[in-house]
Amino acid sequence: MIELLLNHLGGEWLAGSGAGTALVDPVLGTELVRVDATGLDLPAGFAFAREQGGAALRALTYRERAAMLGSAAKLLQANRDRYYEIATANSGTVKNDSAVDIDGGLFTLGYYAKLGDGLGDRRFLLDGEAARLGKDALFQSQHVLVPTRGVALFINAFNFPSWGLWEKAAPALLSGVPVIVKPATATAWLTQVMVKDVVDAGIFPPGALSVVCGSSAGLMDALQTFDVVSFTGSAQTAAIIRSHPAVAQRSVRVNIEADSVNSALLLPAAGNESLDLLAKEVAREMTVKSGQKCTAIRRVLVPEALYEQAAQAISARLAKTTVGNPRNEAVRMGALVNREQLASVREGLDYLMQQALVLHDGAAHALVDADPAVACCVGPTLLGARDADAADRVHDTEVFGPVATLLPYRDHAHALALLRRGQGSLVASLYGSDPQALAATAIHMADSHGRVHVISPDVAALHTGHGNVMPQSLHGGPGRAGGGEELGGARALGFYHRRSAVQASTAVLAHYSAT
Ligand code: NAP
């Protein structure tokens, strides 16, 4: 009998009343567990989180909540081996790729535990200095940030069941806002088990952390005015969330992290060392988590004269990627998450190939220890489009797998214009050796990118990786990337707080700096 994962809502562990949806091993094709949320009383569960969980969290100080995050990180750390097993089975990822999700999540949790400790024994935050409002300095305005008295609903994507949970939950819980997470069905297992471990350990007050596994039906309807929703997933679903009455009519605050056609740009006259750094990073980004990363490089822009050299350098690295069963030590790249994603990647490749040629063919990679008829594995494919202006599909299409396209540019202005055709991205990386040119180009790119990752030879061995999202830095991007903002150190707390201006005598405002 396959286990039916329980939901945690209203402070209880509850089974859905339906037959459930099976989660499947993408390499072996076997059923693992089932999820179901049918019949849950969502309004009552949300009210419990809002009233019980929220009140209990807000009664604590930032430092006290930070200590809870620290305890959760410690507990999860102790159970890491089990999470790796689940990731291998359910996400089909090799150990290094599971680490991006699992250890990335734990690192982010630990980071906010430390940051929160520094906020001290306060229950609200000051936003800037007091400002005088008139001639007499006695009457002033002080902006304050107070935790919103609602729930934070997280609707997450399948590719980061751990990191996607903790990168959102850490700042929310630290802010004093209860969390209800709805993981993507395909990989809900890891999220559910992590939440269960933390809830069962009694680290947070009842109602602070809830999980609903299965259908999203009714979740948005349960949101009220002071709630917030943070969504990560496709642009299509994002549009549904944005137009839901909760957002459109009840002013529920929304953060959207959607898909993104991210780029890598090699500056003109960058030199061979920079070209090697670009090739290394592109190959890594294409293959980590089989390219199922919202931040992965999809477009690679190089000077015309270096197009062939770049194609060879990237292809040579891709050729070394062994693809197949993540349980086999020789395998470097595991599977896509399921048959739907495999079909979607194949379809996306066909679509791009109408405007691009194959420079390195993923189909040439024989699968190691995996049956091609069953396993959702696919080799990395590098495409190339000589006419970067005409290849509009390359600028518009996110193929969510190990696929990128090499594009030549004529000059610096042409490169910047091509980058902007991504219509706003999460991240771009920039390769070169002239600090002045790199600094100026990064500023040119900043309005259309949430993050610009600059790789010069001096940081070759130090930089944190194009696609790795560090909690210190902003995650999110304008335009088609969703327009969201997450992380960025203490900035993340802003989403879970309400800003208000208290206009009063300085004798009144003086109380705020002390409390
Ligand atoms: P998706 O199909 O849009 O699903 C995302 C989440 O929305 C899932 O939990 C899904 O639940 C839920 N959902 C589906 N329909 C819904 C509805 N009508 N109302 C409310 N929720 C609904 O995306 P995905 O396939 O999981 O993720 C892949 C995409 O996410 C890629 O495009 C990738 O670029 C993007 N992504 C972006 C970021 C970022 O930070 N910007 C990070 C990771 C991924 P079910 O699973 O139950 O359908």
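Please read these numbers as outputs of a predicted model, since none were measured by experiment. (Residues numbered from 1 in each chain as written. Predicted model: local features only at pLDDT ≥ 70, side-chain atom pairs only at ≥ 80, totals over all residues. Heavy atoms only, no water.)

Peer 1: Mind showing me how you'd approach the domain arrangement of the chain here?
Peer 2: A common way to state how big an interface is: give the accessible area lost once the parts meet. For the chain, the assigned domains are domain 1 (49–258 + 485–514) and domain 2 (262–471). Put simply, the middle of domain 1 and the middle of domain 2, counted by C-alpha atoms, are 31 Å apart. Contacts between the two partners involve 25 residues from domain 1 and, on the opposite side, 24 residues from domain 2. For the pair domain 1 and domain 2, the summed buried surface comes to about 1,800 Å²; carbon and sulfur atoms form 65% of the total. The interface formed by domain 1 and domain 2 holds zero salt bridges in total. The interface formed by domain 1 and domain 2 includes six residue pairs in polar contact (both at pLDDT 80 or more). At the level of elements, helix H3 (80–91) and helix H4 (95–119) are the ones that each hand at least two residues to the side of domain 1 that touches domain 2. (Domains from an automatic or database assignment. Contact = heavy atoms within 4.5 Å. Buried area = accessible area lost by both parts, 1.4 Å probe. Salt bridge = Lys/Arg side-chain N within 4 Å of Asp/Glu carboxyl O. Polar contact = N/O pair within 3.5 Å; in protein donor to acceptor, adjacent residues only side chain to side chain. Helix = DSSP H or I, 4+ residues; strand = E, 2+ residues; numbered from the N terminus.)

Peer 1: Which parts of the structure should I look at to understand the side chain of Ser-263?
Peer 2: Relative to the elements of secondary structure, Ser-263 occurs in strand E12 (residues 262–266). One polar contact links Ser-263 to Arg-299, side chain to side chain, over a distance of 3.0 Å. Apart from the residues within four sequence positions on either side, Ser-263 is in contact with Ile-297, Arg-299, Leu-301, Leu-419, Val-427, Ala-428, Ser-429 and His-466.

Peer 1: Looking at this structure, I do not really get the packing of helix H2 (residues 62–78) against helix H5 (residues 163–175). What am I missing?
Peer 2: Two measures define how a pair of helices packs: the angle their axes make with one another and the distance between the axes. At their nearest, the axes of H2 and H5 sit 8 Å apart, and the two run at 150 degrees to each other. Our classification of the angle between H2 and H5 gives roughly antiparallel. In contact with Tyr-62, Arg-65, Ala-66, Leu-69 and Leu-76 of H2, H5 contributes Trp-166, Ala-170, Leu-173, Leu-174 and Ser-175. Residues that form the contact of H2 with H5 fall into these classes: eight nonpolar, one polar and one charged. (Axes fitted to C-alpha atoms, helices over the stretch in contact; angles between N-to-C directions. Parallel < 35°, antiparallel > 145°, perpendicular 65-115°, else oblique. Nonpolar A, V, L, I, M, F, W, Y, C, P; charged D, E, K, R; others polar.)

Peer 1: Honestly, helix H9 (residues 272–287) in this entry has me stumped. Any pointers?
Peer 2: Since the α-helix advances by 3.6 residues per turn, residues separated by three or four positions end up pointing in the same direction. With 16 residues, H9 should cover 22 Å at 1.5 Å per step; its first-to-last C-alpha distance of 23 Å lies within 8% of that length. Residues of H9 that are buried include every one of Ser-274, Leu-275, Leu-277, Leu-278, Ala-279, Glu-281, Val-282, Ala-283, Glu-285, Met-286 and Thr-287, and no others. Lys-289 sits one or two residues past H9 and shows a positive phi near 50 degrees. (Expected span 1.5 Å × (residues − 1). Buried < 20%, exposed > 50% of the residue type's maximum accessible area, 1.4 Å probe, protein only.)

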